[in-house]
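Take a look at the letters that make up each chain.
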Amino acid sequence: MTKSDPAKQTANSPRRPKIGLALGAGVARGWAHIGVIRGLEAEGIKPDVIAGTSIGAVVGGAYASGNLDEIEEWARALSSTAFFRFLDLKLGSSGLFGSQKFNDLMKEKFGDRTFESLGTPFTAVACELKTGHEVWLKTGTMSDAIHASFALPGIFEPQEIDGQWLVDGALVNPVPVSVCRAAGCDLIIAVNLSEDIYGRARARREGALDTGEYGVFLETEAIQNTPKKSNRSILHRMFGHKKDAPSMFANLIASINIMQNRLARSRIAGDPADIMITPRCGNVGLMEFHRAEELIEEGRRSFEITLPQLRDVLTIVNHRMNC
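These figures come from a predicted structure and were not determined experimentally. (Residues numbered from 1 in each chain as written. Predicted model: local features only at pLDDT ≥ 70, side-chain atom pairs only at ≥ 80, totals over all residues. Heavy atoms only, no water.)

### Topic: the overall build of the protein chain
Alright, step 1. What the protein chain contains, in helices and strands, is 12 helices and 11 strands.
Alright, step 2. For the protein chain, buried positions account for 53% of its 323 residues.
Alright, step 3. Long-range pairs, those at least 24 residues apart, make up 76% of the contacts in the protein chain between residues at least 6 apart in sequence.
Alright, step 4. With the model as given, the accessible surface of the protein chain reaches about 14900 Å², and the carbon-plus-sulfur share is 51%. (Helix = DSSP H or I, 4+ residues; strand = E, 2+ residues; numbered from the N terminus. Buried < 20%, exposed > 50% of the residue type's maximum accessible area, 1.4 Å probe, protein only. Contact = heavy atoms within 4.5 Å. Areas by Shrake-Rupley, 256 points an atom, 1.4 Å probe, with all protein chains shown as cover.)

### Notes on unusual backbone geometry
Alright, step 1. With a phi angle near 50°, Val27 is a residue other than glycine that sits in the positive phi range.
Alright, step 2. Within the secondary structure, Val27 is located in the loop between strand E1 (19–23) and helix H2 (32–43).
Alright, step 3. A relative accessible area of 2% places Val27 in the buried class.
Alright, step 4. Phi is positive for Asp162, which is not a glycine, with a value near 55°.

### Some remarks on the confidence of the model for the protein chain
Alright, step 1. For the protein chain, the average pLDDT comes to 82, and 73% of its residues sit at 70 or higher.
Alright, step 2. This model gives residues 1–9 a pLDDT under 50, and the stretch forms 1 contact once residues within four places in sequence are excluded.
Alright, step 3. Note on residues 200–226: pLDDT is under 50 here. Beyond four places in sequence and across chains, it has 54 contacts. (pLDDT = per-residue confidence, 0-100.)

### Re the state of the cysteines
Alright, step 1. Summed over the entire model, instances satisfying the criterion amount to 0 disulfides.
Alright, step 2. Counting only cysteine sulfurs, Cys185 is the nearest neighbor of Cys180, a cysteine outside any disulfide, at a range of 4.9 Å.
Alright, step 3. For Cys180, a relative accessible area of 0% corresponds to the buried category.
Alright, step 4. The exposure class assigned to Cys185 is buried, which follows from its relative accessible area of 10%. (Disulfide = S-S within 2.5 Å.)

### A short note on the pattern of salt bridges
Alright, step 1. Scanning all chains against the criterion turns up 15 salt bridges.
Alright, step 2. The salt bridge partner of Glu294 is Arg291, with a shortest N-O separation of 2.9 Å.
Alright, step 3. Residue Glu294 is classed as partly exposed on the basis of its relative accessible area of 40%.
Alright, step 4. Here the salt bridges share partners, and the residues they tie into one network are Arg38, Glu41, Asp69, Glu72 and Arg76. (Salt bridge = Lys/Arg side-chain N within 4 Å of Asp/Glu carboxyl O.)

### Some details on the nonpolar core
Alright, step 1. Within the largest apolar cluster, 69 residues are counted, with the highest numbers of intra-cluster contacts made by Trp31, Phe122, Leu137, Ile189 and Leu310.
Alright, step 2. Sorting elements by how many residues they give to this core places helix H12 (residues 292–322) first, with 10 residues.
Alright, step 3. Among the nonpolar cores identified, the runner-up in size contains 14 residues, and Val175, Cys180, Ile188 and Ala264 belong to it. (Core = buried A, V, L, I, M, F, W, Y, C linked by side-chain atoms within 4.5 Å.)

### What to know about helix H4 (residues 68–77)
Each full turn of the α-helix corresponds to 3.6 residues, which orients residues three or four apart in the same direction.
Alright, step 1. Here H4 has its buried residues at Leu68, Ile71, Glu72, Trp74 and Ala75. Burial along H4 is one-sided: seen end-on, the buried residues are contained in an arc of 165°. Counted as exposed and oriented over 90 degrees from the buried face of H4: Asp69, Glu73 and Ala77. (Arc of directions from axis to C-beta.)

### What to know about the packing of H2 against H4
Alright, step 1. Packing of H2 against H4 brings their axes to within 11 Å, and their N-to-C directions diverge by 140°. The angle between H2 and H4 falls in the class oblique. When the axes of H2 and H4 are compared, the crossing they make is left-handed. Of the residues in H4, those touching H2 at Ile34, Ile37 and Arg38 are Leu68, Asp69 and Glu72.
Alright, step 2. Of the residues belonging to the contact of H2 with H4, the class tally is 3 nonpolar, no polar and 3 charged. (Axes fitted to C-alpha atoms, helices over the stretch in contact; angles between N-to-C directions. Parallel < 35°, antiparallel > 145°, perpendicular 65-115°, else oblique. Left-handed = near helix turned anticlockwise from the far one by under 90°. Nonpolar A, V, L, I, M, F, W, Y, C, P; charged D, E, K, R; others polar.)

So this is what it looks like as structure tokens:
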């Protein structure tokens, strides 16, 4: 009886498709990504490549570095104003909030972890301010790159990396399917958080331009606790508004919603994912970070809805690769 050739066995063994996971932008709505990832884990599907934009970079980076449990526990524990304790109001800077407290938060969650140390390749998408170019961050310190990808213009200060001033990648690529495509993935699973922004869930919410708990925070923290009367007056002019008219902040948030929704649709039409998961989270405000529990559950729900299609696509891709 002849022994089988191990090399031949390896050559004839079924090939596993290279799977990419693209996590989209959406600020607080990004906690839904955690629910989607938990669904993938329960199904035994592990991505070979992870790409994230903005909050997608935060959750994707945590997943790639093995810190997802810690991020989920922290997110679930946030109160309606707890997240804003990490933001330092800074009038006269390049963003409404300074970056030191947020920098400290990112370093606390990711430490000195580098992209090169990850077991799963991960890329954070940002936008370069001077040129408008899309920047793929996949080397160096993760905390700096994730901060850059999450630096929402006008709200957070831009982040300087290698001489480039970087802001939120949602300006150029809200759902980074193209990053996974460039990495040679055979199957790409994408999570788009902006599809339901103007859907039925959003329409049911009272006041389409409501900023949620953030308006309360501004009044109690930013305005009342600002030491000088002149500064308080400036803040009132900035965030106060006429009856039935949106405030400056509500106007900014609504504009971001529109931009992400339209750009995501355009990019996805030109470069569609194999599986698109669209959590229905349009009823959650961009800054309502305290609603993690319901968002994670919505992520799980949206994954379960898409699961039959995902199984079918996996079967087709496996067959195509090994026939």
